[in-house]
Amino acid sequence: MELLCYARLMRRYWPLLLLSVLAGVGTAHVVTVNTAPRYLASITMLVSADAGDGGLSTALQAGALSQQRVQSYAALLTSRQVVGRIAGGEDVADVQARITANAIPETTLLRATVADSVPTRAAARANALGAAFVRLIDQIERPTPKSPPTIRVTVVDDAEVPEDPVAPQPLTNMALGALIALFAAVTGLVLRDRLDTTIKTAETLRQVAKSSVLGLIGYERDARRHPLVLRDQGRSVRAEAFRSLRTNLQFIGVDRQPKSLVVTSCLPGEGKSSTSVNLAITMAQAGWRVVLVDADLRRPSVPHYLGIEGGTGLTDVLIERARLHEVIQTWGQPGLSVLPSGRIPPNPSELLGSRVMRSVLAQLTEEYDMVIVDAPPLLPVTDAAALGAICDGALLVVRHGKTRNEQVLRAGELLSSINARLVGTVLNFVPAKHGSYYGYGYGYEADPVEQETSSRTPQPQTPMPV
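Residues numbered from 1 in each chain as written. Predicted model: local features only at pLDDT ≥ 70, side-chain atom pairs only at ≥ 80, totals over all residues. Heavy atoms only, no water.

Visitor: So, the sheet that holds strand E11 (residues 393-399): which residues are in play, and what are the values?
Guide: Here we have eight strands laid out as an open sheet, ordered E5-E12-E11-E6-E10-E7-E9-E8, and mixed in their pairing. Of all the strands in the sheet, the pair left with one neighbour each is strand E5 (213-218) and strand E8 (329-331). Within this sheet the neighbouring strands show an average axis-to-axis angle of 25 degrees, counted without direction. Where strand E7 (residues 290-294) lies against strand E10 (residues 370-374), five bridges are found, and the strand directions are parallel. Across the sheet, the residue bridging to Val-291 is Val-371, located in E10. Along the sheet, helix H8 (residues 202-209) makes contact with E5, E11 and strand E12 (422-430), crossing E12 at roughly 150 degrees. (Pairing = 2+ DSSP bridges. Helix = DSSP H or I, 4+ residues; strand = E, 2+ residues; numbered from the N terminus. Axes fitted to C-alpha atoms, helices over the stretch in contact; angles between N-to-C directions. Contact = heavy atoms within 4.5 Å.)

Visitor: Before we move on, could you go through a nonpolar patch on the surface and cite the residues and values that matter?
Guide: A surface patch of nonpolar side chains, amounting to about 340 Å² of accessible area, comprises Trp-14, Leu-18 and Leu-22. If you trace the backbone, Leu-18 turns up in helix H2 (residues 14-33). (Patch = residues over 30% accessible without salt bridge, like charges linked within 9 Å, V, L, I, M, F, W, Y side chains within 5 Å. Areas by Shrake-Rupley, 256 points an atom, 1.4 Å probe, with all protein chains shown as cover. Salt bridge = Lys/Arg side-chain N within 4 Å of Asp/Glu carboxyl O.)

Visitor: An account of the packing of helix H9 (residues 237-250) against helix H10 (residues 272-285) is needed here, citing residue identities and associated values.
Guide: Contact pair H9 / H10: the axes reach a minimum separation of 9 Å and the direction vectors enclose 75 degrees. The orientation of H9 with respect to H10, classified from their angle, is roughly perpendicular. Contact with H9, carried on its side by Arg-238, Phe-242, Arg-243, Leu-245, Arg-246 and Leu-249, involves Ser-274, Thr-275, Asn-278, Leu-279, Thr-282 and Met-283 of H10 and no other residues of that element. Of the residues belonging to the contact of H9 with H10, the class tally is five nonpolar, four polar and three charged. (Parallel < 35°, antiparallel > 145°, perpendicular 65-115°, else oblique. Nonpolar A, V, L, I, M, F, W, Y, C, P; charged D, E, K, R; others polar.)

Visitor: Can you break down a negative patch on the surface residue by residue, with the values?
Guide: Side chains of Asp-157, Asp-158, Glu-160, Glu-163 and Asp-164 sit close together on the surface and give a patch of like negative charge. Mapped onto the fold, Glu-160 is located in the loop between strand E4 (151-157) and helix H7 (170-195). (Lys, Arg positive; Asp, Glu negative; His and termini not counted. Charge placed at Lys NZ, Arg CZ, Asp CG, Glu CD.)

Visitor: Provide a residue-level description of the pattern of salt bridges, including the pertinent values.
Guide: All chains considered together, the criterion is met by 13 salt bridges. The closest approach of N and O atoms between Asp-196 and Lys-200, which form a salt bridge, is 3.1 Å. With respect to class, Asp-196 is no different from Lys-200; both count as buried. For Asp-383, the salt bridge identified is with Arg-298, shortest N-O distance 2.8 Å. Here Asp-383 is found in helix H16 (residues 383-390), whereas its partner Arg-298 is found in the loop between E7 and helix H11 (302-306), with 85 residues between them in sequence. A network of salt bridges, in which partner residues are shared, links Glu-90, Arg-98 and Arg-125. (Buried < 20%, exposed > 50% of the residue type's maximum accessible area, 1.4 Å probe, protein only.)

Visitor: Any details on H9? Residues and values, ideally.
Guide: Between its first and last C-alpha, H9 extends 20 Å over 14 residues, near the 20 Å set by a 1.5 Å rise per residue. Within the sequence span of H9, burial applies to Arg-238, Ala-239, Ala-241, Phe-242, Leu-245, Arg-246 and Leu-249. Summarising the axial view, the buried residues of H9 lie within an arc of 155 degrees, below the 170-degree limit, and thus occupy one face. Lining the buried residues of H9 we find E5, strand E6 (260-265), H10, E11 and E12. (Expected span 1.5 Å × (residues − 1). Arc of directions from axis to C-beta.)

Visitor: Tell me about the packing of H2 against H7, residues and numbers included.
Guide: Helices that pack against each other are described as a pair by the angle of their axes relative to one another and the distance between those axes. H7 packs onto H2 with a crossing angle of 145 degrees between their chain directions and a minimal axis gap of 7 Å. In this structure, H2 meets H7 at a crossing whose hand is right-handed. Taken together, the residues of H7 that come into contact with H2 (itself represented by Leu-16, Leu-17, Ser-20, Val-21, Gly-24, Val-25, Ala-28, His-29 and Thr-32) are Pro-170, Asn-173, Met-174, Gly-177, Ala-178, Ala-181, Leu-182, Ala-185, Val-186 and Leu-189. In terms of residue class, the contact of H2 with H7 is built from 13 nonpolar, six polar and no charged. (Left-handed = near helix turned anticlockwise from the far one by under 90°.)

Visitor: Talk me through the sheet that holds strand E2 (residues 99-103); I want residue IDs and the actual numbers.
Guide: Spatial ordering of the open sheet is given by E2-E3-E1-E4, a layout of four strands whose pairing is antiparallel. Lying at the two open borders of the sheet, with one neighbouring strand each, are E2 and E4. Here the average twist between neighbouring strands, direction ignored, is 25 degrees. Note that E2 and strand E3 (residues 109-116) share five bridges and pair antiparallel. Bridge assignment links Ala-103 to a residue of E3, and that residue is Leu-110. Along the sheet, helix H6 (residues 119-140) makes contact with strand E1 (39-49), E2, E3 and E4, crossing E1 at roughly 15 degrees.

Interpretation in functional terms is not warranted from these geometric data alone.
So, in structure tokens, the structure goes:
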């Protein structure tokens, strides 16, 4: 299952992975072009001991002595005393850093390698190093100034001018750059996915909310301009999703079928008002007697979605300045009854939790098959919690890729603390392909819906043009 999730993650972000690989290859190419070439020239020397006329045993001892000296000579070959003789005015430490020497295992051979950016200089310096080392050993291995040396070093393979540089290697560098960039991109995506606690699957939402997912509302590009499901004669995928939500609501608790339903969300911008409106329209199309109550007394949106007058409504009923039936409007062909919010009061929480609000809901549930209440978000204000306590159930709208696990958990705890019944959840703005997260939404502090409908003249009892 983990591998499948990773495969889907890679498929979702394959353009980013491709861009990372190209960036890695490009970076490696720039580094390669700006790196000076490096040439290697090697010289091989033989270390031998003078056996004299001592016979076989003496010759064996001389050979053993030569092998013992080879290890010491390898270190001596790169010493300042030797390198200083060939530095030619350059810093001895820099020249030392470009020389390596090693003893060939199980032999008395020494190999010295000189690195340089100029091939001819690398070969010349390697040969000079060999000559200087031969002279040095000839001096230090004489018992007396006039006696022959006991150990001799002989150059058996002179350095030749190298033709091709050993570094940089363009293909290797670009392949390594691509691999490093790809690894970094994949690691970043996996970490981001692991640290991302937003709701992206129905299964995650079900586990976090501990409630059934009753609907998956997909994202459609035209939904921003046409938020209602009436467009295309109700044959869109989004309209079918709301019909599926309506059907699922019918099977919630045969013995406790809710007649009043609070539709809310965790935070603003998750689509709870559009869900309320479209669910009410879908139920009315099925022949239900439905009343849609705009109980968002802080930022009402229902009148703008439906294109009706919302200056008089629920607030006037709660303060007993109007009767209930005087402010209910009938909208469109489905015969949907709408109770607008009315004027925005200074104390919405007190009004929504009042005895008069309970009386209004009781009267509506007697006269209608379903009362859908569009409430403010749960976490910023307490209005939805107050409504959830007096309604038969609450429907929580969650935005795909935006709402976080902890926010859903907190919303569930709030509803549970007031003994409100969470009948289910709706995952909104689900992309058709899990490539990115979109949404038409609305801002709780801003009102894009009003901007969208400002060019239209609201007409009560007339459906909004689609």
